[in-house]
Amino acid sequence: MVNYVIRRLMMVPLILFGVTLLIFGMLQFLSPVERSALYVREFPKNERALDALIKQYGLDQPVYVQYWTWLVGHKNPNTGEVNGGILRGDFGYSRTASQPVVDMIKHRFPATVELALWALIPVVTGGVFLGVIAAVNHNKPIDHISRIFGIVGWSFPDFVLGLLLIMIFYAKLGWLPPGRVSDWANQVVMSPEFRNYTQMITVDALLNLRFDVFWDALKHLILPIITLSYLWWALQMRVTRSSMLETLRQDYITTARSKGVAEKTVIRKHALPNALMPVVTLAGGTVLGLLSGVVIVEVIFNYPGIGSAFAAAAVQLDIITVLAFTLLNSLIMVLAYVVIDVLYAYIDPRVRLD
Amino acid sequence: MTHEDTDTLEHIGRKPPNKLEKWLGTETYRALKGLVTNPVSLAGFLLLGMFILVAIFAPVLAPPPFPDDPYTIPRDGYNPVPKPPGTEWGVRPPPLPFWWEPLTGKDNWIHIMGTTSGQWDIYYGVVWGTRTSLFVGLSITAVVAIIGVILGSISAYYGGAVDMILMRVVEVFVAFPFLPAAMTLSAILTPVIGRGLFAPMVAMMFFGWTGFARLVRSDVLSVKQREYVLAAKVIGVRDGRIMFRHILPNAIYPTLVMVSMRIGSYAISFAGLSFLGIGADIGYADWGQLLAFARDWMTQLSTYWYIIIFPGVALVLFVLSWNLVGDALRDILDPRMQGSR
């Protein structure tokens, strides 16, 4: 197991190197002037100063020199001040947010993490639950309904469902508003008595014992969570169902039943753990899909996380910001793949022995 | 064929192959037969046929005011308040389709599906958007599938260092979540190749091929092990011929399922990009564009339901049709599923 983990971790730097190459390659589509936003907040208007700026930050140097500068930053030989450098966590200046990209990410990240954490349990368990129910009731009405949900749900674009949910639960019924919190709750959150421990409003509200604020923030999260997770319910439902059906046909299940094990135990203890194997392989795709979904969901529900900032930057062609988000996304992904692979090797011994 | 042969065939419940089956090969024949007898795939084909008809007859269903530029949705003034379905055209109505008067007895053109904010006609957008979706879905999938098949089979057939390098490249690409990555590249390409369909399409192709490459690789790897491939190698058949005549035809079916599913999902992603404001100019006939207009009236969507319902239903049914066909195909091709339906 340790061997497997080490082998797997050794791949990470290689993949990260590839990722930075790809992003740096995309950066080359920009003019040197636009790329100077990696190092300075504002570029001068007159041509002479621009040329000097390009010279100073080596934006006219060969590509490999530029790549190195992009990684480690540019050190001013006179003052010793270092600008830029993605390894230092400096992604340059965001034109759309008029602040350093890092500050914007720091500012917006907690909201997205809050959304993701709340969506985690429904995303992971919802589909499996439906799939088991469908498989246990094979060829009964509930099975047919689940199968229809499986294929129709998978065909339903998240932005269409999000708009429909807003139409029904906000515009029509007025129950679940978009945004992050209501105005009154926002005032409470902003007030000096309210202590922000994590910047995640639901968590902070509980820590401050403001249950009204907690409830308000949660109400704003319900529709985004549904929109984020139903796709994965549909997919996992299908995979769980077919895998469960196959497992239930196995001999050891018949053995368990014939020795008198209760049906509930057969399903939960004997069949489910084995049936879940193919579902775990979906995890990578699910994380990928959630990172995509967050962008759409945050835009539709006007939720102030990194996804909506990313979309705004992309629409206004603020490439420096957009590429910083893309880098962040792929870092999350590379990390997620490692975790998933190790988890999978832990569950299924065949993987680590290969 | 001797009498005994037919006997055994009937014994195991199979009719002797007819002419068509002989000509197509057993596997292809079974797949095609399954597709036309399976109610799920039939429903998919019916829906699909409907969309293709709408796409072909778009100029008849919704005659464009400027035939040179049919993909720009005609608009009826600039009022930000949407108009409900059935409202008459006010400013400069487009030409009346010939079937309108005999069918309804009226000689004035109406907004069949209402208008969005800014008075873009939803009906025109939905009808001409069918062409956009078909074009985008088919062309992206075609390019991506071809790249994937070529790279995947090279990787699997040669193995070793080639395989190692190609698969690491794939791993780099799958570290990018599809939609944000496509948004990024499309935002970068827009100033280079201009606003329009092509920036997002190229971006989606660039990040889309990995799924096909991995699928084809694993299928080719399993077929490669079979003895007839070894036999072909022994008698000195060239690499290319083994690959394209002997291995690929036997490994291609899962790819076909994926093609069908991907056409729908690329249509979704493309509409998603236009929904977010990336891609073609405002007013281009595309379902995602129409849906994006709903964002102007979030608080009153229950009044202006038609902005999301018509393009939304079109998009969902379009994707559903491809998924139904793909789903049926998968069930037919999966031997484990035989007899369980």
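The structure displayed is predicted, hence computed values, not measured ones.

Describing the overall build of chain B
In step 1: Secondary structure assignment for chain B yields 16 helices and zero strands.
In step 2: Dimensions along the principal axes, computed over C-alpha positions, put chain B at roughly 75 × 50 × 35 Å.
In step 3: Here chain B, with 341 residues, has 43% of them falling under the buried criterion.
In step 4: Long-range contacts, defined here as pairs at least 24 residues apart, represent 73% of the contacts in chain B between residues at least 6 apart.

Examining unusual backbone geometry
All names here are of chain A.
In step 1: Notably, N139 is not glycine yet its phi reads approximately 65°, a positive angle.
In step 2: You can call N139 exposed: it has 10 C-beta atoms within 10 Å.
In step 3: The backbone of L209 sits at a positive phi, close to 60°, despite the residue not being glycine.
In step 4: Its place among the elements puts L209 in the loop between helix 9 (201–207) and helix 10 (211–248).

Structural notes on the packing of helix 3 (residues 26–37) of chain B against helix 16 (residues 306–333) of chain B
Residue and element names in this part refer to chain B.
In step 1: At a closest axis distance of 9 Å, the pairing of helix 3 and helix 16 adopts a crossing angle of 135°. Of the possible angle classes, the one that applies to helix 3 and helix 16 is oblique. Considering only the axes of helix 3 and helix 16, their crossing is right-handed. Taking contact as the criterion, the partners of A31, G34 and L35 in helix 3 are, on helix 16, A328, L329, I332 and L333.
In step 2: Looking at the contact of helix 3 with helix 16 residue by residue, the class counts come to six nonpolar, one polar and no charged.

So, the interface of chain A and chain B
In step 1: The interface is formed by 42 residues belonging to chain A together with 43 residues belonging to chain B.
In step 2: Listing elements by their share of the side of chain A that touches chain B, those giving two or more residues are helix 1 (2–27), helix 6 (141–155), helix 7 (158–172), helix 14 (283–300), helix 15 (306–315) and helix 16 (319–347) of chain A.
In step 3: With nine residues, helix 16 of chain A is the largest single contributor of residues to the side of chain A that touches chain B.
In step 4: Tallied by class, the residues present in the side of chain A that touches chain B amount to 35 nonpolar, six polar and one charged.

Here's the deal with the nonpolar core
In step 1: In this structure, L163 and F310 of chain A together with A182, F207, A267, L291 and I308 of chain B are the most contacted members of the largest nonpolar core, which totals 181 residues.
In step 2: The residues touching A267 of chain B, leaving out its near neighbours within four places in the chain, are S133, V136, G137, F318 and V319 of chain B.

Things to note about the packing of helix 4 (residues 39–56) of chain B against helix 7 (residues 122–158) of chain B
Residue and element names in this part refer to chain B.
In step 1: At a minimum axis distance of 8 Å, the contact between helix 4 and helix 7 shows a crossing angle of 110°. With respect to each other, helix 4 and helix 7 are oriented roughly perpendicular. Seen from above, helix 4 lies across helix 7 with left-handed handedness. Note on element contacts: helix 7 touches helix 4 through V127, T130, R131 and L134, opposite F51, V54 and A55.
In step 2: Classifying every residue of the contact of helix 4 with helix 7 gives five nonpolar, one polar and one charged.

Here's the deal with helix 14 (residues 253–276) of chain B
Two residues of an α-helix separated by three or four positions point the same way, owing to the 3.6 residues in each turn.
All names here are of chain B.
In step 1: Its 24 residues give helix 14 an end-to-end C-alpha distance of 35 Å, which sits within 8% of 34 Å, the value for a rise of 1.5 Å per residue.
In step 2: At R262, helix 14 shows its largest bend, some 25°.
In step 3: Here helix 14 lies mainly inside the structure; 21 of its 24 residues are buried.
In step 4: Note on helix 14: the residue one or two positions beyond its end, G277, has a positive phi of about 100°.

Some words on the environment of P177 of chain A
All names here are of chain A.
In step 1: Its place among the elements puts P177 in the loop between helix 7 and helix 8 (183–190).
In step 2: Taking C-alpha positions, P177 is 9.9 Å from N302, a pair spaced 125 residues apart along the chain.
In step 3: Setting aside residues no more than four positions away along its own chain, P177 makes contact with Y170, S182 and H220.

Points about helix 7 of chain A
In step 1: Its 15 residues place the ends of helix 7 of chain A 20 Å apart at the C-alpha level, agreeing with the 21 Å of an ideal helix rising 1.5 Å per residue.
In step 2: Where helix 7 of chain A bends most, the angle comes to about 30°, and this point is I166 of chain A.
In step 3: Among the residues making up helix 7 of chain A, those that are buried are D158, F159, V160, L161, G162, L163, L165, I166, M167 and Y170 of chain A.
In step 4: Against helix 10 and helix 14 of chain A together with helix 14, helix 15 (287–293) and helix 16 of chain B lie the buried residues of helix 7 of chain A.
In step 5: Of the residues flanking the end of helix 7 of chain A, it is G174 of chain A, one or two places downstream, whose phi is positive at about 70°.

Comments concerning the environment of M26 of chain A
In step 1: By the element assignment, M26 of chain A lies in helix 1.
In step 2: Since 21 C-beta atoms lie within 10 Å of it, M26 of chain A is described here as buried.
In step 3: In this structure, the C-alpha to C-alpha distance between M26 of chain A and I319 of chain A, residues 293 residues apart in sequence, is 9.4 Å.
In step 4: Discounting residues that sit within four places of it in the chain, M26 of chain A has contacts with L323 of chain A together with T184, L185 and I188 of chain B.

Regarding the confidence of the model for chain B
All names here are of chain B.
In step 1: Across chain B, the average pLDDT comes to 85, with 93% of residues at 70 or higher.
In step 2: Contacts for the low-pLDDT stretch residues 1–7, under 50 throughout, to residues beyond four places or in other chains number three contacts.
In step 3: Every residue in residues 337–341 scores below 50 in pLDDT, and together they form two contacts with partners more than four places removed in sequence or on other chains.
In step 4: The complex prediction reports pTM at 0.89, with the ipTM value standing at 0.88.

Reading guide: rules and limits
Residues numbered from 1 in each chain as written. Chains lettered and ligands numbered in written order. Predicted model: local features only at pLDDT ≥ 70, side-chain atom pairs only at ≥ 80, totals over all residues. Helix = DSSP H or I, 4+ residues; strand = E, 2+ residues; numbered from the N terminus. Buried ≥ 20, exposed ≤ 12 C-beta atoms within 10 Å, placed from the backbone. Contact = placed C-beta atoms within 7 Å. Axes fitted to C-alpha atoms, helices over the stretch in contact; angles between N-to-C directions. Parallel < 35°, antiparallel > 145°, perpendicular 65-115°, else oblique. Left-handed = near helix turned anticlockwise from the far one by under 90°. Nonpolar A, V, L, I, M, F, W, Y, C, P; charged D, E, K, R; others polar. Core = buried A, V, L, I, M, F, W, Y, C linked by C-beta atoms within 7 Å. Expected span 1.5 Å × (residues − 1). Bend = angle between axes of the 7 residues up to and from the residue. pLDDT = per-residue confidence, 0-100.

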